[in-house]
Amino acid sequence: MGIEVLALSLPSPASQWERLSSSHQASTRGVIEMGNLELGSTTLAQSKSLPARVVRPPTCLTQIFNHPSGGEMDAWVRPCCRKKPLISKYLRGYLDPPSSSCKRSFKRYSSSSEALMTSKSQAASSTLIVGNEKVGVLLLNLGGPETLEDVQPFLFNLFSDPDIIRLPRMFWFFQKPLAQFISAVRAPKSKEGYASIGGGSPLRQITEAQAEALRKALCNKNVPVKVYVGMRYWHPFTEEAIQQIKQDRITKLVVLPLYPQFSISTSGSSLRLLESIFREDEYLVNMQHTVIPSWYQREGYIKAMANLIEKELRTFDSPEKVMIFFSAHGVPLAYVEEAGDPYKAEMEECVDLIMEELEKRGITNPYTLAYQSRVGPVEWLKPYTDETIVELGQKGVKSLLAVPISFVSEHIETLEEIDVEYKELALRSGIERWGRVPALGCEPTFISDLADAVIESLPYVGAMAVSNLEARQQSLVPLGSVEELLAAYDSKRGELPPPVTVWEWGWTKSAETWNGRAAMVAVLALLVLEVTTGEGFLHQWGILPLFR
């Protein structure tokens, strides 16, 4: 039994902004036309729809937030229709466009990380208030090593996450030894990459700058808040941010992952960590909170991306001949096909919306989408960025503009992987002119839109509250397997694909899965043997220290 949420999602009609309704999505997942949101005797909205931009002075916001719990909410939603699939526009005869199918519907759920999720709290007085409440915004991000000495422990934290490396339940106790092994093997190559971009990741500095810019934007909109940064795998860790939130006595919290599209390996992992932290702390159990799980559809984000692309196109001699190349961080294919991860569908829809915005400006360049940063032997989302670059070169593309679509901050995947590795590959493949759109960073339109997203979510903080006892028994996101998480997050898409058959003879997906599991067991057994005996090829090669 999970926290009661309101899940609203609509597909794309003929016009994209009819669906988006110009920043009307308080959940950032669909168009919400709110009627009387009554909480006890307090009415949240007097009209049948929220204004396009909710900007009120603190005295007005007092009316919004000071309400008894357990209220009722009525919502009116526009009729649903099927979203048109993303169809990439290619230069004649280049590549087959990727397929996409995305079903949308409206439903009320009892547990979901898709909609805005809330838990009960008590009010507290303070100097930093909206109305009678102290409001905070928690930005979630991946994190990155700040020095070369940080690289291996950062990789250990990354690969210790069961949402990054999924082991069968019976082998969960091997997670940390396996993470130690992988981080030791990968650290030397990763250090070379970080050394090439200055000796560390700039992600912390950029994210903290975004937090300060967001704080100022909210203050300019008459919503004073404190903004915190919580990283998943390096400092400042999410736990550190939560400790500061408690010290500041925040009573209302908006959780905003800095991942435009939801994935179990990014937003899902961070929310799962938050859930475990919240349930173990009395103060956090009593704190109202709301989660904005994804925001790739927002008009401000789409316009900001279009602005950057349009600006970079002007740097080419013949802008109309440039191939716009969207490169997104990949995820294992099994996350999408077996676990129901909505990442691929949201990514394709995001690209579609950006290109529609560019077409309104008279920009009709060919474009495509590919996925980068795959690791390990398993199959990841296709097409792969490196293979697609080679293929485009073979097809005669001479000008290419890379767009890092899933990144809002510069880090190693943009500064080293795209700017160095993929650029060199493109030039070797016959592409003569290369450009790259910068990550959004603190782009004003983007930051202002994030501020609007926070403001629009504030009426939902605690709007569907539960008792303290229920809050302890329920999850911010469902506990358990990745499949259970995504079944809750993405349940409105219909039934998930059936799980892999227990065993099936022949060259089948089931056989490949079980062969991989058998190989994993063998590797783990070897690792345990080496650690316990102190001898073996890993010690001989110097990967593990010799003990005498």
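Residues numbered from 1 in each chain as written. Predicted model: local features only at pLDDT ≥ 70, side-chain atom pairs only at ≥ 80, totals over all residues. Heavy atoms only, no water.

1. A closer look at the overall build of the chain
Reasoning step 1: Check the secondary structure of the chain and you find 18 helices and 13 strands.
Reasoning step 2: In the chain, which comprises 548 residues, the proportion classed as buried is 57%.
Reasoning step 3: Considering only intrachain contacts with a sequence separation of at least 6, the fraction spanning at least 24 residues in the chain is 80%.
Reasoning step 4: When the accessible surface of the chain is split by element, carbon and sulfur atoms take 55% of a total near 23000 Å². (Helix = DSSP H or I, 4+ residues; strand = E, 2+ residues; numbered from the N terminus. Buried < 20%, exposed > 50% of the residue type's maximum accessible area, 1.4 Å probe, protein only. Contact = heavy atoms within 4.5 Å. Areas by Shrake-Rupley, 256 points an atom, 1.4 Å probe, with all protein chains shown as cover.)

2. Thoughts on the pairing of strand E10 (residues 323-329)
Reasoning step 1: The element E10 is extensively covered by neighbouring structure, given that 6 of its 7 residues are classed as buried.
Reasoning step 2: Two elements, E10 and strand E12 (residues 399-404), share 5 bridges in a ladder whose sense is parallel. In the strand pairing of E12, Phe326 is matched with Val403.
Reasoning step 3: Judged from the 6 bridges that link them, E10 and strand E11 (residues 367-372) form a sheet pairing that is parallel. The residue of E11 that forms the bridge with Ile324 is Tyr367. (Pairing = 2+ DSSP bridges.)

3. Some thoughts on the packing of aromatic side chains
Reasoning step 1: In total, this model carries 6 aromatic pairs according to the counting rule given.
Reasoning step 2: On the numbers, 5.8 Å between centres and 35° between planes, the contact of Trp295 with Phe446 is tilted. Residue Trp295 is located in the loop between strand E9 (288-291) and helix H9 (299-313), and its partner Phe446 is located in helix H14 (residues 444-457); the two are separated by 151 residues in the primary sequence. Pair check on accessibility: Trp295 and Phe446 agree, each one buried. (Phe/Tyr/Trp six-rings, centres within 6.5 Å; stacked < 30°, edge-to-face > 60°.)

4. Description of the pattern of salt bridges
Reasoning step 1: Inspection of the entire model under this criterion finds 22 salt bridges.
Reasoning step 2: Linking Arg314 and Glu310 is a salt bridge whose minimum nitrogen-to-oxygen distance equals 3.6 Å.
Reasoning step 3: Here Arg314 falls in the exposed class, since its relative accessible area comes to 58%. (Salt bridge = Lys/Arg side-chain N within 4 Å of Asp/Glu carboxyl O.)

5. Focus on the sheet that holds E10
Reasoning step 1: What the 4 strands build is an open sheet, ordered E11-E10-E12-E13; its pairing is parallel. At either margin of the open sheet sits one strand with a lone partner, and together these are E11 and strand E13 (433-436). Neighbour-to-neighbour, the strand axes of this sheet turn through a mean angle of 25°, independent of strand direction.
Reasoning step 2: Where E12 lies against E13, 4 bridges are found, and the strand directions are parallel. (Axes fitted to C-alpha atoms, helices over the stretch in contact; angles between N-to-C directions.)

6. Considerations on the environment of Ile389
Reasoning step 1: Here Ile389 lies in helix H12 (residues 385-394).
Reasoning step 2: Since its relative accessible area comes to 0%, Ile389 is described here as buried.
Reasoning step 3: In sequence terms Ile389 and Leu427 are 38 residues apart; their C-alpha atoms lie 9.6 Å from each other.
Reasoning step 4: Ignoring sequence-local partners within four residues, the contact set of Ile389 consists of Phe325, Tyr422, Leu425, Ala426, Ser429 and Ile431.

7. Structural notes on the confidence of the model for the chain
Reasoning step 1: For the chain, the mean per-residue pLDDT works out to 73, and 64% of the residues sit at or above 70.
Reasoning step 2: Across residues 1-129 the pLDDT falls below 50, and counting only partners more than four positions away or on other chains, this stretch makes 356 contacts in the model. (pLDDT = per-residue confidence, 0-100.)

8. Here we look at the nonpolar core
Reasoning step 1: Among the nonpolar cores identified, the biggest contains 85 residues, and Val137, Tyr301, Ile309, Phe326 and Ile405 are the most heavily contacted of them.
Reasoning step 2: The next biggest cluster of nonpolar side chains, apart from the first, holds 20 residues, and it includes Phe154, Leu155, Ile197 and Ile412. (Core = buried A, V, L, I, M, F, W, Y, C linked by side-chain atoms within 4.5 Å.)

9. A word on the packing of helix H3 (residues 151-159) against helix H4 (residues 175-196)
Reasoning step 1: At their nearest, the axes of H3 and H4 sit 7 Å apart, and the two run at 135° to each other. Taken together, H3 and H4 sit at an angle that is classed as oblique. Crossing hand, H3 versus H4: right-handed. Of H4, the residues touching H3 (which contributes Val151, Gln152, Phe154, Leu155, Phe156 and Phe159) are Gln175, Lys176, Ala179, Gln180, Ile182, Ser183, Ala184, Arg186, Ala187, Ser190, Lys191 and Tyr194. (Parallel < 35°, antiparallel > 145°, perpendicular 65-115°, else oblique. Left-handed = near helix turned anticlockwise from the far one by under 90°.)

10. What to know about the pairing of E9
Reasoning step 1: A two-sided burial pattern is seen for E9, the buried positions comprising Gln288 and Thr290 on one face and His289 and Val291 on the other.
Reasoning step 2: Note: strand E8 (residues 252-257) against E9, 4 bridges, orientation parallel. In the strand pairing of E9, Lys252 is matched with Gln288.

11. Considerations on the environment of Phe174
Reasoning step 1: Assignment of secondary structure puts Phe174 in the loop between H3 and H4.
Reasoning step 2: Separated by 14 residues in the primary sequence, Phe174 and Ser160 place their C-alpha atoms 9.6 Å from one another.
Reasoning step 3: Residues in contact with Phe174, not counting those within four places in the same chain, are Leu167, Leu524 and Val528.

12. Let's talk about the packing of H12 against helix H13 (residues 412-428)
Reasoning step 1: Axis separation between H12 and H13 bottoms out at 8 Å; the angle between their running directions is 25°. The angle between H12 and H13 falls in the class roughly parallel. The chirality of how H12 crosses H13 is right-handed. Contacts between H12 and H13 involve Thr385, Asp386, Ile389 and Val390 from the first element and Tyr422, Leu425 and Ala426 from the second.
Reasoning step 2: For the contact of H12 with H13, the per-class residue count stands at 5 nonpolar, 1 polar and 1 charged. (Nonpolar A, V, L, I, M, F, W, Y, C, P; charged D, E, K, R; others polar.)

13. Brief notes about H3
Spacing of three or four residues puts side chains on the same side of an α-helix, whose turn is 3.6 residues.
Reasoning step 1: Within the sequence span of H3, burial applies to Val151, Phe154, Leu155, Leu158 and Phe159. The arc enclosing the buried residues of H3, seen along the axis, measures out at 125°, which places them on a common side. (Arc of directions from axis to C-beta.)

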